[in-house]
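Structure assessment
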Amino acid sequence: MAEFSPPTTEPEFAENFAQLKPRMNRTEAQYESSRCLFCFDAPCIQSCPSGIDIPQFIRQINSGNMTGAARTIYEANYFGNVCGKVCPTEVLCEGACVYNEQDMKPIEIGRLQSFATLQAIDSGKPLFQPGAPTGKRVAVIGAGPAGISAACELRSLGHAVDVFEAKAQPSGLTVYGVAPYKITNEEALAEMAYLQSQFGYTVFYNRPMQNRADLETLENGYDAIFLGIGLGGTNALKLPGEDRAGCVGATEFIEQLRMGHLSTSVGRRVVVLGGGNTACDAASESARLGAENVVLAYRRGKEEMGAYEFEYDLAKGVGVKGMFNVAPVEILGNGHVEGVRFVRTAVTDGKVQTVPGSEFVVPCDMVIKATGQAKQRTFLNLIPGLQLDGNGRIIADARTGQTTNPKYFAAGDALNGGAEVVNAAAEAKATARGMHQILIAGF
Amino acid sequence: MPDLSINFAGIKSPNPFWLASAPPTNSGYQIMKAFDAGWGGAVWKTLGVPVVNVSSRYGATNYRDKRMVGFNNIELISDRPLADNLREISEVKKRFPNHAVIASLMVESRAQWHEIVRAAEDAGADGLELNFGCPHGMCERGMGSAVGQEPAVLQRIVEWVMEVAKTPVIVKLTPNISDITEPALAARRGGANAISLINTIQSIVGVDLDLFAPYPIVDGKGSNGGYCGPAVKPIALNMVKNCAQHPDVRLPISGIGGIENWRDAVEHILLGASSVQVCTAAMHFGFGIVREMITGLEQYMTEKGFQNIDQMVGRALPNVKHWEDLNLKYKVTANIHAEKCIGCQLCYTACEDGAHQAIRLNAGTRVPEIIDENCVGCNLCSLVCPVEDCITMDRRDDGTQHLTWKERTEAGDVPTEFNDEKAGGRHHWVPEPSAALGKERHKTLPGKARVLRGETNPN
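Residues numbered from 1 in each chain as written. Chains lettered and ligands numbered in written order. Predicted model: local features only at pLDDT ≥ 70, side-chain atom pairs only at ≥ 80, totals over all residues.

**Here's the deal with the overall build of chain A**
- For chain A, the helix and strand inventory stands at 18 helices and 14 strands.
- The globule rule puts the C-alpha radius of gyration for 443 residues at 22 Å, and the 22 Å found for chain A is close to it.
- When its C-alpha atoms are laid out on the principal axes, chain A stretches across 70 × 55 × 45 Å.
- Within chain A, the fraction of its 443 residues that count as buried is 51%.
- Sequence separation of at least 24 residues holds for 70% of the intrachain contacts in chain A that already meet a minimum separation of 6. (Helix = DSSP H or I, 4+ residues; strand = E, 2+ residues; numbered from the N terminus. Rg over C-alpha atoms; globule rule 2.2 N^0.38 Å. Buried ≥ 20, exposed ≤ 12 C-beta atoms within 10 Å, placed from the backbone. Contact = placed C-beta atoms within 7 Å.)

**What about the overall build of chain B?**
- Looking only at helices and strands, one finds 14 helices and 20 strands in chain B.
- For the C-alpha atoms alone, the extent of chain B along its principal axes is close to 80 × 60 × 50 Å.
- Expressed as a percentage of its 459 residues, the buried residues of chain B come to 43%.
- Excluding contacts between residues fewer than 6 apart, the proportion of contacts in chain B whose partners are at least 24 apart in sequence is 71%.

**Focus: the nonpolar core**
- Counting residues in each nonpolar core, the largest one holds 114 residues, and the members touching the most others are Ile-54, Ala-116, Val-140, Ala-151, Phe-226 and Leu-227 of chain A.
- Considering each element in turn, this core owes the most residues, ten residues, to helix H18 (residues 421-441) of chain A.
- Non-local contacts of Ala-151 of chain A, meaning those with residues more than four positions away in its chain, are made with Val-140, Val-161, Val-163, Phe-199 and Tyr-201 of chain A.
- If you look at the next biggest cluster of nonpolar residues, it comprises 104 residues, including Val-161, Ala-186, Met-293 and Phe-306 of chain B. (Core = buried A, V, L, I, M, F, W, Y, C linked by C-beta atoms within 7 Å.)

**Re the sheet that holds strand E5 (residues 58-63) of chain B**
Residue and element names in this part refer to chain B.
- Reading across from one edge, E5-E6-E14-E11 is the order of the four strands in this open sheet, with antiparallel pairing throughout. The strands lining the two open edges of the sheet, one partner per strand, are E5 and strand E11 (201-203). This sheet shows a mean twist of 45° between the axes of neighbouring strands, independent of strand direction.
- In this structure, E5 lies alongside strand E6 (residues 66-73), joined through five bridges in antiparallel fashion. Each bridged residue has a counterpart across the sheet, and for Tyr-58 the counterpart in E6 is Asn-73. (Pairing = 2+ DSSP bridges. Axes fitted to C-alpha atoms, helices over the stretch in contact; angles between N-to-C directions.)

**Quick look at the environment of Lys-316 of chain A**
- Relative to the assigned elements, Lys-316 of chain A resides in helix H15 (residues 309-317).
- Counting along the chain gives 31 residues from Lys-316 of chain A to Glu-285 of chain A, while the straight-line C-alpha distance between them is 12 Å.

**Comments concerning unusual backbone geometry**
- Each neighbour pair has its own omega, and for Leu-197 of chain B with Ile-198 of chain B the value is 10°, a cis peptide bond.
- Within the secondary structure, Ile-198 of chain B is located in the loop between strand E10 (194-197) and E11.
- With an omega of -10°, the peptide bond between Tyr-215 of chain B and Pro-216 of chain B qualifies as cis.
- Locating Pro-216 of chain B in the fold gives a position in the loop between strand E13 (213-214) and strand E14 (225-228).
- Of note in this structure, Asp-103 of chain A is not a glycine but carries a positive phi near 55°.
- Of note, Asp-103 of chain A is situated in the loop between helix H7 (93-96) and helix H8 (109-123).
- Positive phi is not limited to glycine here, since Ser-56 of chain B has a value of about 75°.

**Quick word on the confidence of the model for chain B**
Residue and element names in this part refer to chain B.
- In this model, chain B carries a mean pLDDT of 93, and residues with pLDDT of at least 70 account for 95%.
- Confidence drops under pLDDT 50 across residues 441-459; counting only partners more than four residues distant or on other chains, this segment forms 33 contacts.
- The complex prediction reports pTM at 0.93, with the ipTM value standing at 0.90. (pLDDT = per-residue confidence, 0-100.)

**Observations regarding the pairing of strand E16 (residues 273-278) of chain B**
All names here are of chain B.
- Burial of E16 is extensive: six of the six residues sit out of reach of the surface.
- In this sheet, E16 lies alongside strand E3 (residues 17-19) in parallel orientation, the contact comprising three bridges. Residue pairing for E16: Phe-17 is matched across the bridge by Val-276.
- A crossover connection joins strand E15 (residues 253-256) to the parallel E16 through helix H8 (residues 262-270); in handedness this β-α-β unit is right-handed. (Right-handed = clockwise from strand over helix to strand, strands pointing away.)

**Quick notes on the sheet that holds strand E7 (residues 100-105) of chain B**
All names here are of chain B.
- One closed barrel accounts for eight strands, arranged E3-E4-E7-E8-E9-E10-E15-E16; its pairing is parallel. Between one strand and the next, the sheet's axes are offset by a mean angle of 25°, whatever the strand orientation.
- Sheet topology places strand E9 (residues 169-172) next to E10; three bridges connect them, and they run parallel. The residue bridging Val-171 from the neighbouring strand is Ile-195, located in E10.
- The strands that helix H3 (residues 110-123) touches are strand E4 (41-47), E7 and strand E8 (127-131); relative to E7, the one it contacts most, it runs at about 165°.
- On the sheet, helix H5 (residues 151-164) packs against E8 and E9 and is oriented at approximately 160° with respect to E8.

**Considering the environment of Asn-73 of chain B**
All names here are of chain B.
- Tracing the chain through its elements places Asn-73 in strand E6.
- A C-alpha to C-alpha distance of 9.0 Å links Asn-73 and Ser-56, two positions 17 residues apart in sequence.
- Not counting the four nearest positions on each side in its chain, Asn-73 is found in contact with Arg-57, Tyr-58, Gly-225 and Gly-226.

**With respect to the pairing of strand E1 (residues 137-141) of chain A**
Residues and elements named next belong to chain A.
- Counting buried positions over the five residues of E1 gives four, a clear majority of the element.
- Note: E1 against strand E2 (residues 160-164), five bridges, orientation parallel. Bridge assignment links Ala-139 to a residue of E2, and that residue is Asp-162.
- Taken together, E1, helix H9 (residues 145-156) and E2 constitute a β-α-β crossover, and its handedness is right-handed.
- Here E1 runs beside strand E4 (residues 224-227); their pairing, made up of four bridges, is parallel. Across the sheet, residue Ile-141 finds its bridge partner in E4, namely Leu-227.

What follows is the structure in structure tokens.
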């Protein structure tokens, strides 16, 4: 018997995907903020990729200055509420909290951050305004964490900004790729609307950049172009039977889940291939959609999983079973997926070796490949002179984010190869400042 | 088992825990409930000519997540007819003959005092407490603290009371005065049998930032009230000590002010109180708190070998000295126990900004280091440290030398000129003023997000 019944109504969906970091009420925020020690040179700030002055905003919450708290957060990171909810705070700010040194519960920084920013979002009270116009125009490709952060920063510096987004909604993976129990669509989109209302950039939705002509239009119409394109679809496994119905990529599965909620189909027996955070998410989500049996299969040992420990714990907590040192050989079935043939593996000298003769079949009716997102090489090759490193990441100046095509700048997953929302938000802000310097000084 | 019973100036009580005259003692119902819960005595809500109260009567000082660290009220004395109160006093005494019921009184004329003293005693009160302390509402009418602040008036009224009183008379003192021993001495001269202190401190507990009015707000306005609760304990302890140490007061003291657990009660007792009175804590948590107070006191007495309360009364008084009698040769310095340190560095910033720059940070570790030669032994770091016993103040002198300010003065060995060589800080290292600018300043000041990618301000 599965732990979760398949949700048939939105309230049931919300229950199955209950928020991991629910919104604090004012009393809870008051109590939690009271615990903050106000450390000197606080480790939480040091471990925040966007460098938010955490003790300051917590102190502002504690003294009833919610607007000031929100401002402190947004000054460092435009994805304030999003990061409060989706950041792996356990390994970032909360992981660095000195309370851990005493085996005490760290301050719930993420939830406090969301408490303050949601208050600002709900009030609609503007905290920022566009800078005095510079006459410069910037095109931003991608309305994800990098693109929107860059747009906000560029607007605050006075540049006109148009954002071009391939999909229908902003915030990128926040609304398309993050597990629904981390943030709801409404919340993610509310923060985007709040930002846009303050900074006044324009977003063109359903406008994918598909060819050289599309880019030339931007190159001719704008003084600089910011690449916030993130990563692409799930990497192909190149296994026999991968094209069978019921074998899907995790990125695509989660996008369907975020957009369709109840219309998302899930198997009764699901095999998730991969050992990263996305694999844990996909497994967890399958269970919450009512799958009776969910197996997470990883080709290395448990200790080598890329997923954070708490992410795997979360999946285990909803009944997901881990299967380690196994590699998929073939997706079995007749039109539709009926099972996965695995072979056992052993890791010697860091290399995965298959164990001959150890093959076995795990029956299932759905396979989710959580084997990483592909780089957008095809698109990036459309940009003249743009160089990528050996891993397909954009090469850019460390300080300004300028790529090897001087008109293009980059930040986020396309630059760092795939990291957290907070990394993209922080990098994009810094890149936007680099762009500003170059736009003002002249190329 | 230690004996918790007391005989306070002739008023007997099964334990030293009394409810102070206040809202919790407004009725026989409350007092019976309190006695049933374990309270040893109760001072009835002040009797007099009944008053009319306002709605919205209390305000609180909250500190961070702690509610009612301080508390104030603008409520007056009993608003119930005297006859009702007297009838209930009789009823309580009948049901609880061994518990102490003390009638708090506040009236104006000699005749009224005589009348109410007789009435209270006839009703069965074990003693009387004269309310010369209330700092709001009644004092404007020439009663309460208006009496407590005028030793001559206080003495005269005590004399009126003593003309007719047959039971022990306690004078309750107001702290709204520069020297608490003056009214205490006046009470003694008037013939009182005991004193109780402190009454509430005149206060404004807070201001509403939107309505521009003080709390508690009555139809957009407010008034000064009387402050009490945990926040006032240090003031109460000092005043209890002053009365207990004064050679001419020599009256039993009922300690009041910030008592909410056994520890607070013991502190009052060690400084000279022989009964204690509680109000705010009972208003906050209910009468049930007395169980913890009784068991805590019993445990403490057992561990210390005290058989009865009298053995404890004033035990700390010999160690409360004038500053000039303290040993200048005593020397402690801070010691950070690195294995306990969690690296918050509150000690560092406190010492840097608030004390003597005697703590440094070293690269590669979050554990700060004490600069022994700069440490004056002020305790600040050990007070701000959030970890139990992580910073201890360790004795550095060998304990053989003793020299006080008084002795140095008598020996002519004290600084007397503005730039005297004998100045205590003369040879103490302090950094150059300009050293304050730069170094870690920017990462330390609040409101400064970490600089990313080594960039400078783009504007």
